Amino acid sequence: MPLPRLLAACALAAAVLLFPDGAAAAGRIALVIGNGAYADGRDLRNPPNDAADLGATLGAAGFQVDIRQDLTRQQMLTALQDFEDKAAGAEAAIVFFAGHGFEYGGTNWLVPVDAKVKRESRIADETIPLDRVRQALEPARGLKLVILDACRDNPFRAGLGTLTRATTARGLARVETSGREAIAYAARDKTTAEDGTGRNSPFTTALIRHIATPGLDVRFLFGAVGDEVRVATAGRQEPFLYQSFGRDPVHIVPPAPVAPPPVVAAPAPVAAPVPAMSTERSDFEFAERVGTIGAWQAFVDLYKEGYLVRLAQERIETLKAKQTVAALPGGGAEAKPPAVPAATPAPAAGGASPELTEIKREVRRELQRLACAPGPVEGEWTSAATEALARFGRAAKMRVAVADIDAGLLEQMRRYDDNLCKPKPVCGPGEKLKGETCVALETVCPKGTRRTTSGRCEATKTAGAPGTSKTKPDAALPSTATSAAKPKRDRTAEYYKCVEWATREGVTGNCRNILIEP
């Protein structure tokens, strides 16, 4: 038996042993789909593994799990219909999908293994809309969670890009949620997720590590997952959670029950029970147990203010400083300690760490290279540097502030070509842009004429333009002076001949002079 299916079978067996009467698992159900065996050479290696491993984790945590792999469109619809029937009254219902997914015309589509979309009109016939998955979760009374490790790039993008109607984009489109519904993307909207080089994708690897933590709020869970994915992909991939929960915590796995303290028989009256720990304090301890920036930020977003919130903000600053050290050349855990203990460096201006000061220096050096800031690299961060950073943001079409400066921003700046912020000159009438300089447009003289130093065209002795004169070399061209032997000029006929000639030769001739010259 292949390893993914062996793991899936073990997960189901563990759920039966742990919950023989089905009461504990019935309230929490999950449909886990991994599509990898796509046609036309679009295979993905990891989704079947992702489904098997995540299904095993949820099964061990008490979920009733249905693991499906490499489904056709009809098989996916059948699985969703079966799951929708089971979801009625569930306290937690989860659908996980790993495989190809894309956004087209503002709608998100999940791709079965038998899809071969060749034209726009067949998208709805061969793929599954995300709204159908959300519909299968509606009967649940509690948490309704969709997890999509399906933001790989659109496999049909090349073919659909030639159509004249709705356009395709990278990744998935953003969604709106309500009530106790949440939708998690492996990569935020309009970006793509990586399949990974190991057994599982970076997103599913982090998800498996945290999803079964008892009592962990969903927001803290995906905050921790997001931190790990950003580190694993060097900032290339950023997961995102769409949710509209209120203030109350929402758990995938309920908190572990706390055993009551033993009652000791004594003649003295029994002491009053210790008051239960507050929800805020409990969530603080969960965030501390997870220990990531995302978990602490979720706590701050949930409780807004107070003593514990200030402590959480301090934890965030400490973790950011550690990430900055790891991102610097030679930084991180592999850096060797100096042979002689070094003196503690003095804090930088404004209380910033030495590592952050070094990153800001490198950022200013990049701003100079990109022609966003002519100022010096050394010294304190000034208002001029802040304006230069904003100038870079406008040129790069991204929102960036001083608070966003970190190793990830520095890496993004290094990907841009030189002189990104340098404005291109605007040429005036009669000029054109040549390189980075405006130059005057050259006048193309008609056949049989020459260009004078003043830029005008004058007839030569053998001028062949219609209506040109052999006796008036200084007249504006094309000239129509006639021979002295002609007693009378037909100016109108000469004008139309000049226009016809100029059109045929593809040049600009001043034929109006024929009508106004003496």
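Described in the following lines is the structure provided in the data block.

### Here's the deal with helix H4 (residues 73-86)
In step 1: Taking 1.5 Å of rise per residue, 14 residues should cover 20 Å, and H4 covers 20 Å from first to last C-alpha, within 8% of that figure.
In step 2: Of all the residues in H4, the buried ones are Met 76, Leu 77, Ala 79, Leu 80 and Phe 83. For H4, the angular spread of the buried residues around the axis is 160°, confining them to a single face. Relative to its buried face, H4 has exposed residues pointing more than 90 degrees away, namely Gln 74 and Asp 85.
In step 3: Each element contacted by the buried residues of H4 is listed here: strand E1 (28-34), strand E2 (64-69), strand E3 (92-104), strand E4 (107-110), strand E5 (128-129) and helix H6 (130-137).

### Description of the packing of aromatic side chains
In step 1: This model, assessed by the stated rule, comprises 7 aromatic pairs.
In step 2: Measuring from ring centre to ring centre gives 5.6 Å for Phe 392 and Tyr 416, while their planes differ by 85°; the resulting arrangement is edge-to-face. A residue pair is termed long-range when its members are at least 10 positions apart, and Phe 392 in helix H14 (residues 383-396) and Tyr 416 in the loop between helix H15 (407-413) and strand E10 (431-434) qualify at 24 residues.
In step 3: Note on Phe 392: relative accessible area 0%, which makes it buried.
In step 4: Among the aromatic side chains, those forming a connected cluster through ring pairs are Phe 220, Phe 284, Trp 296, Phe 299 and Tyr 303.

### Concerning the side chain of Asp 53
In step 1: Mapped onto the elements of the fold, Asp 53 is located in helix H3 (residues 47-60).
In step 2: In this structure the side chain of Asp 53 is engaged in a polar contact, spanning 2.7 Å, whose partner is the side chain of Arg 199.
In step 3: Within polar-contact distance, the side chain of Asp 53 engages the side chain of Asn 200 at 3.1 Å.

### Examining the state of the cysteines
In step 1: Under the counting rule described, the total for this entry stands at 1 disulfide.
In step 2: The residue that forms a disulfide with Cys 372 is Cys 421, at a sulfur-sulfur distance of 1.7 Å. Here Cys 372 and Cys 421 share a disulfide; its torsion about the S-S bond, 60°, makes the bridge right-handed. With Cys 372 in the loop between helix H13 (354-369) and H14 and Cys 421 in the loop between H15 and E10, this residue pair connects regions lying 49 residues apart in the sequence.

### Some words on the nonpolar core
In step 1: Phe 63, Ile 147, Leu 207, Phe 222, Ile 252 and Phe 299 are the most contacted members of the largest nonpolar core, which has 55 residues in total.
In step 2: Looking at this core element by element, the count peaks at 8 residues for helix H11 (residues 293-303).
In step 3: Excluding its chain neighbours within four sequence positions, the residues that come into contact with Ile 147 are Ile 94, Val 95, Phe 96, Phe 97, Ala 184, Phe 203, Leu 207, Ile 211 and Phe 222.
In step 4: Within the second largest apolar cluster, 39 residues are counted, among which are Tyr 38, Ala 79, Tyr 104 and Val 175.

### Some points on empty space enclosed by the protein
Taking a probe equal in size to a water molecule and rolling it over the atoms shows the remaining empty space.
In step 1: Enumeration according to the criterion identifies 2 cavities of 30 Å³ or more in this entry.
In step 2: Approximately 40 Å³ is the volume attributed to the largest cavity.
In step 3: Forming the walls of the largest cavity are Ile 29, Ala 30, Gln 64, Val 65, Asp 66, Phe 83 and Lys 86.
In step 4: For the lining of the largest cavity, the secondary-structure elements that each account for two or more residues are E1, E2 and H4.
In step 5: Residue contributions to the lining of the largest cavity peak at 3 residues, all from E2.
In step 6: Taken together, the residues of the lining of the largest cavity sort by class into 4 nonpolar, 1 polar and 2 charged.
In step 7: The space that makes up the second largest cavity amounts to roughly 30 Å³.
In step 8: Every residue lining the second largest cavity is listed: Ile 33, Met 76, Leu 80, Val 95, Phe 97, Leu 110 and Val 133.

Definitions and cut-offs
Residues numbered from 1 in each chain as written. Predicted model: local features only at pLDDT ≥ 70, side-chain atom pairs only at ≥ 80, totals over all residues. Heavy atoms only, no water. Helix = DSSP H or I, 4+ residues; strand = E, 2+ residues; numbered from the N terminus. Expected span 1.5 Å × (residues − 1). Buried < 20%, exposed > 50% of the residue type's maximum accessible area, 1.4 Å probe, protein only. Arc of directions from axis to C-beta. Contact = heavy atoms within 4.5 Å. Phe/Tyr/Trp six-rings, centres within 6.5 Å; stacked < 30°, edge-to-face > 60°. Polar contact = N/O pair within 3.5 Å; in protein donor to acceptor, adjacent residues only side chain to side chain. Disulfide = S-S within 2.5 Å. Core = buried A, V, L, I, M, F, W, Y, C linked by side-chain atoms within 4.5 Å. 1 Å grid on protein atoms, 1.4 Å probe; cavity = no way out; pocket = protein on both sides within 12 Å on 5 of 7 lines; lining within 4 Å. Points joined across faces, edges and corners; volume = space filled by probe spheres on them. Nonpolar A, V, L, I, M, F, W, Y, C, P; charged D, E, K, R; others polar.

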